[in-house]
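# Tertiary structure, described
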Amino acid sequence: MIKVENLSKAFGSKLAVNDLSFAVERGEVLGFLGPNGAGKSTTMRMVTGFIPPTAGKISVGGFDMLENPIPGKRLIGYLPENAPGYADMTVHGFLNFSAELRGIQGGARKQAVNRAVELCFLENVLYQTIETLSKGYKHRTCLAQSLIHDPDVLILDEPTDGLDPNQKHEVRNLIKRMGENKAIVFSTHILEEVEAVCSRVIIIDRGRIVANGTPQELKARSEMAGAVLVRASGVAAAALKAQIGAMSGVKTVEILKDGEGGIEVRAFPDKSKINGSLTRNIAELAVQQKWQLDEIHTEEGRLDEVFRAITLPDTVKGH
Amino acid sequence: MNAWTNIKTIMKRELGGYFTSPIAYVFLVIFLLLTGFFTFTVGNFFERGEASLVSFFTWHPWLYLFLVPAAGMRLWSEERRLGTMELLLTMPITTWQAIVGKFLASWLFLALALALTFPVALTVNYLGDPDNGVIVSGYVGSLLLAGSYLSISCMTSALTRNQVISFIVSVMICLFLILAGYTPVTDLLVRWANPVVVDIIAAFSVMTHFEGFQRGVLDIRDTVFFASVIGFALFTTGVIIRNQRAG
Ligand SMILES: Nc1ncnc2c1ncn2[C@@H]1O[C@H](COP(=O)(O)OP(=O)(O)OP(=O)(O)O)[C@@H](O)[C@H]1O
Ligand SMILES: [Mg+2]
């Protein structure tokens with residue numbers, strides 16, 4: 001549904017987006033990750049037709065967004081960053097206005113507004129003006145606006161920003177549910193959100209795509225992925241470390257905790273030499289050595305670690 | 001016809017925006033008070049002893065100089081300040097539809113303000129026997145004048161998110177459009193410049209073109225002038241908005 005080819009955007013001499021290409025099909029939820037100033041919002045603004053790109057091609061639903069943007073715009077629901085809204089309008093008036101601009105008339109409009117109000121839980125503030133809304137409600141109002149025409153394509157710039165934990169949960173579920181038959185792109189700084197709802201993740205840094213894959217694939221890139229955490233008692237930390245470290249297929253072992261509440265170590269596998277499951281091997285060793293095992297599990301890898309590893313050098317160097 | 005539907009939707013919202021805040025009412029009251037003040041006090045409406053609205057219309061270019069930019073300054077600067085421009089321009093409408101819709105809404109509002117001065121016309125009909133054709137022509141001219149100022153305010157409000165700056169720049173441009181053909185200024189200019197040059201400059205002034213309407217002399221060229229100012233200013237608004245989006 002969304003196809004972006006070699007997209008670039010320069011502000012003056014500064015390249016905010018640098019040769020970006022990606023595609024999103026119906027049934028996919030694509031998560032945009034990246035440090036502040038990476039170019040996520042700029043990319044979304046170009047896809048929705050708000051700002052023209054310096055170079056590249058964008059098509060939405062097969063319609064070229066540069067030559068003839070109106071048919072493409074009809075398919076898109078867009079939640080801009082900071083969720084703008086007309087300060088002096090009521091929530092109801094604002095949603096009605098959006099529906100009208102989307103060409104929804106009469107009874108259908110009433111239904112569309114009611115549906116959006118329900119989806120975003122706005123019943124209590126329906127006749128309040130937008131300037132008097134709390135941040136979260138303002139955000140939800142703008143989200144409702146993007147859903148009003150039940151669009152095939154959704155572009156959401158930080159949709160859960162400013163929402164309380166319950167609402168974050170609701171919005172994630174909503175995105176996930178809608179993702180089954182729409183093409184959705186959303187940006188976020190909350191990594192667990194990505195794991196919860198995305199079918200694919202793109203990490204952008206300084207205008208370039210630096211990683212692209214499913215959340216699982218990205219997590220597997222983590223150093224932590226495949227490491228085994230062992231919590232035990234009745235044995236000295238140093239002995240535990242030495243004995244696990246001597247096993248074949250173990251690269252290093254680090255002591256995480258050594259004190260009253262027991263000891264905790266983490267063993268990193270040597271991925272080239274591993275034979276069988278490291279976790280199972282360690283568990284067998286524990287039985288042999290009569291350690292009292294309190295916990296043993298395989299780490300999945302963590303997205304925040306991958307994110308940092310990929311983007312940190314740049315952030316530290318500055319722009 | 002789709003375009004017209006979009007324009008109407010934008011107009012409706014914009015007009016609603018005037019009336020949900022006190023701005024509209026304050027504006028209307030000030031407008032009516034000032035027209036009354038200028039017509040009856042400064043303009044010597046009664047002392048003139050003639051059944052016409054000359055003393056009413058004469059002041060309009062000056063009155064509008066401040067009132068019209070006040071009504072138009074928020075048109076686009078507010079959209080930029082709130083960030084709603086991003087919503088509006090990613091809707092399935094063209095930038096032109098948005099510009100025209102906003103402009104027409106404000107113009108309609110000014111037309112309403114102007115229409116509320118009807119007691120002046122009634123008074124003059126009650127007191128004497130005026131030429132009502134001249135009065136209608138005066139109203140048409142006044143409306144076109146207001147539209148020209150408004151289109152300029154529309155343009156300056158697209159330039160900045162700051163309404164005060166938008167107001168000041170717009171007043172300056174409108175002031176120029178007045179002074180270029182204001183008799184005391186042109187009289188001064190002919191002392192230094194070739195009268196032909198002065199005439200050319202004066203041809204760009206709203207004063208020159210509003211004059212005929214006040215006297216009831218309808219000249220197609222005057223109408224074309226006001227229409228071109230509006231067309232040019234709205235076109236420039238579109239160019240400004242496009243350039244801003246390009247960054
Ligand atoms: N209108 C503009 N004029 C000049 N520079 C701009 C403009 N808009 C964005 N930029 C620059 O482009 C870069 C990318 O900005 P963008 O807003 O896309 O980042 P982002 O990834 O959305 O960041 P965040 O996570 O903070 O929202 C930034 O360096 C920003 O300063
Ligand atoms: Mg952003």
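Turning to helix 10 (residues 278-289) of chain A, a few remarks are in order. Spacing of three or four residues puts side chains on the same side of an α-helix, whose turn is 3.6 residues. Residue and element names in this part refer to chain A. Between its first and last C-alpha atoms helix 10 spans 16 Å; for 12 residues at 1.5 Å apiece the expected length is 16 Å, and the two agree. Turning to helix 10, its buried residues number three or more, namely Leu278, Asn281 and Ile282. Buried residues in helix 10, looked at end-on, bunch into an arc of 95 degrees, giving them a common side. Exposed residues pointing more than 90 degrees away from the buried face of helix 10 are listed as Arg280, Glu284 and Val287. Where the residues of helix 10 are buried, they touch strand 11 (228-233), helix 9 (237-245), strand 13 (262-269) and strand 14 (292-298).

Contact with chain B, which involves 19 residues of that partner, is made by 21 residues of chain A. Here the side of chain B that touches chain A takes 5 residues from helix 1 (residues 2-20) of chain B, the largest share from any one element. Residue composition of the side of chain B that touches chain A, by class: 7 nonpolar, 9 polar and 3 charged.

Around ligand 1, the structure places Phe11, Ala16, Gly34, Asn36, Gly37, Ala38, Gly39, Lys40, Ser41, Thr42 and Glu81 of chain A together with Gly247 of chain B. Residues lining ligand 1 come from chains A and B. For the shell around ligand 1, the leading source of residues is helix 1 (residues 40-47) of chain A, giving 3 residues. Split by residue class, the shell around ligand 1 holds 3 nonpolar, 7 polar and 2 charged.

It is worth spelling out helix 5 (residues 135-147) of chain A at this point. Residues and elements named next belong to chain A. Counted at 1.5 Å a residue, the expected span for helix 5 with its 13 residues is 18 Å, and the 19 Å between its end C-alpha atoms agrees. For helix 5, the tally of buried residues reaches 11 of 13 residues, placing the bulk of the element in the interior. Listed as buried for helix 5 are Tyr137, Lys138, His139, Arg140, Thr141, Cys142, Leu143, Ala144, Gln145, Ser146 and Leu147. Next to the buried residues of helix 5 lie strand 6 (76-79), helix 3 (91-101), helix 4 (106-119) and strand 7 (153-157).

Another aspect to go through is the packing of helix 4 (residues 60-72) of chain B against helix 7 (residues 95-115) of chain B. Residue and element names in this part refer to chain B. At their nearest, the axes of helix 4 and helix 7 sit 10 Å apart, and the two run at 140 degrees to each other. When the axes of helix 4 and helix 7 are compared, the pair comes out oblique. In this structure, helix 4 meets helix 7 at a crossing whose hand is right-handed. Between helix 4, through Val68, Ala71 and Gly72, and helix 7, the contact on the second element is made entirely by Ser106, Phe109 and Leu110. Grouping the amino acids of the contact of helix 4 with helix 7 by side-chain chemistry returns 4 nonpolar, 2 polar and no charged.

This paragraph deals with the sheet that holds strand 8 (residues 183-187) of chain A. Residue and element names in this part refer to chain A. Taken in spatial order, the 6 strands make up an open sheet running 6-7-8-3-9-10, and their pairing is mixed. Of all strands in the sheet, those with a lone pairing partner are strand 6 and strand 10 (208-213), marking the two edges. Taken pair by pair, the neighbouring strands of this sheet meet at an average axis angle of 15 degrees, ignoring direction. Lying over the sheet, helix 5 contacts strand 6 and strand 7, oriented at roughly 170 degrees with respect to strand 6. Where helix 6 (residues 165-178) meets the sheet, its contacts fall on strand 3 (29-33), strand 7 and strand 8, and the angle it forms with strand 8 comes to roughly 150 degrees.

How each quantity is defined
- Residues numbered from 1 in each chain as written.
- Chains lettered and ligands numbered in written order.
- Predicted model: local features only at pLDDT ≥ 70, side-chain atom pairs only at ≥ 80, totals over all residues.
- Helix = DSSP H or I, 4+ residues; strand = E, 2+ residues; numbered from the N terminus.
- Expected span 1.5 Å × (residues − 1).
- Buried ≥ 20, exposed ≤ 12 C-beta atoms within 10 Å, placed from the backbone.
- Arc of directions from axis to C-beta.
- Contact = placed C-beta atoms within 7 Å.
- Nonpolar A, V, L, I, M, F, W, Y, C, P; charged D, E, K, R; others polar.
- Near = placed C-beta within 6 Å.
- Axes fitted to C-alpha atoms, helices over the stretch in contact; angles between N-to-C directions.
- Parallel < 35°, antiparallel > 145°, perpendicular 65-115°, else oblique.
- Left-handed = near helix turned anticlockwise from the far one by under 90°.
- Pairing = 2+ DSSP bridges.

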